[in-house]
Amino acid sequence: MRPQRLQNLRPQQPPDANTRRLLEERALLLAEVERLRQQNTQLLAELQETDVEQPAQPDAETLVRRIQELTQDLTRVQQRSALEVENARVAERARQLAGLGDVLDSVESVLAMTVEGATAAWRSGLLGIESQLHAYFRAEGASLTGEVGEPYDPALHEGVAMVTNSGVAPGHVAKVVRRGILLQDGHVARTAQVFIAG
C-alpha cells in the first residue's frame, strides 16, 4: 500500500490574536489613507478655484504646502501598513513551519525506534510522510539546521548541555536533540537544540 500524499500541510486555523490585531490596524490605516486622499482631492479642487491671475496668495501657498504634507503622510502610512502586514505574514509562516517541524521530529523519532510488531508497510508509510515533510520544507524555502560537527551559532542553535570527549572540536555541535528551521530570508523559525562540545 502506497502512502497517501499530504494534500494541504497548512492548518486551516483562524488567524491568531496578533495577526487579527495587525489586520485590524491595517484596515484602520487604509481608512485613514482614504480619508487623506479625499482631503487631498478637496484641497486640490480648492486650489484650482483660486484666481490664478492674481499674484500668489498666502492661502494658495498654504494649500500647496498642506498637499505636500498630506502626500508625505500618505506615503508613510502605506509603507508602515505594508511593513506590518509583511511582518505578520512572516511570523505566521514561521509559526506554521515550526509546528510542522514538531511533526517531523515525532516521525523521525518513531523511525529511529525499534517497534515490536511494526510491519514494512507501516515503516514505509512513515518514511513517505517524512519525505513529504522534507519536500514541503524545501518548497517553502526552509532548510533544516543543526548538524553534528558544525560550529555552534547562538542565532541558530540553543545549547542544551556541554559535553566532553565527544570526538568533536570544542565549540562545535556534538549532538543534535532537535533540528532547527531556517527560512530563505534568514529568519529563524525554530532554533536547533544541541549539545556543545567543550
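In case you missed it, the structure is sitting above this.
Parameters and conventions
Counting of residues starts from 1 at the beginning of each chain's written sequence and follows it residue by residue. Residue-level local features of this predicted model are given only where pLDDT is at least 70; pairs of side-chain atoms are given and counted only at 80 or more, and the full residue set underlies all totals for whole chains, interfaces and linings. For side-chain calculations, the full set of non-hydrogen atoms in the structure is used, while hydrogens and water are omitted. At least two DSSP bridges between two strands are required for those strands to pair. For the purposes of this entry, the term helix denotes a DSSP run of H or I that reaches at least four residues, the term strand denotes a run of E that reaches at least two, and both are numbered from the N terminus. Orientation is described by axes fitted as lines to C-alpha atoms, over the contacting stretch for helices, and by angles from 0 to 180 degrees between their N-to-C directions.

**Student:** Any chance you could explain the sheet that holds strand 5 (residues 188–190) here in plain terms?
**Tutor:** Strand-to-strand pairing in sheets goes through backbone hydrogen bonds, with the strands running parallel or antiparallel. Across the sheet, three strands lie side by side as 1-4-5; this open sheet has antiparallel pairing. Each edge of the open sheet carries a strand with a single partner, namely strand 1 (142–145) and strand 5. Mean inter-strand twist for the sheet, computed between neighbouring axes without regard to direction, equals 30 degrees. As defined by bridge partners, strand 4 (residues 180–183) adjoins strand 5 across two bridges and the pair is classed as antiparallel. By the bridge assignment for strand 5, Leu182 is matched with Val188.

**Student:** How should the sheet that holds strand 6 (residues 192–197) be read in this particular structure?
**Tutor:** The strand order 2-6-3 describes an open sheet built from three strands, whose pairing is mixed. The outermost strands of the open sheet, each flanked by one partner alone, are strand 2 (157–163) and strand 3 (173–178). Taking the axes of each pair of neighbouring strands and ignoring which way they run, one obtains an average angle of 30 degrees across the sheet. The pairing of strand 2 with strand 6 spans six bridges and is classified as parallel. If you follow Val163 over to strand 6, its bridge partner there is Ala197.

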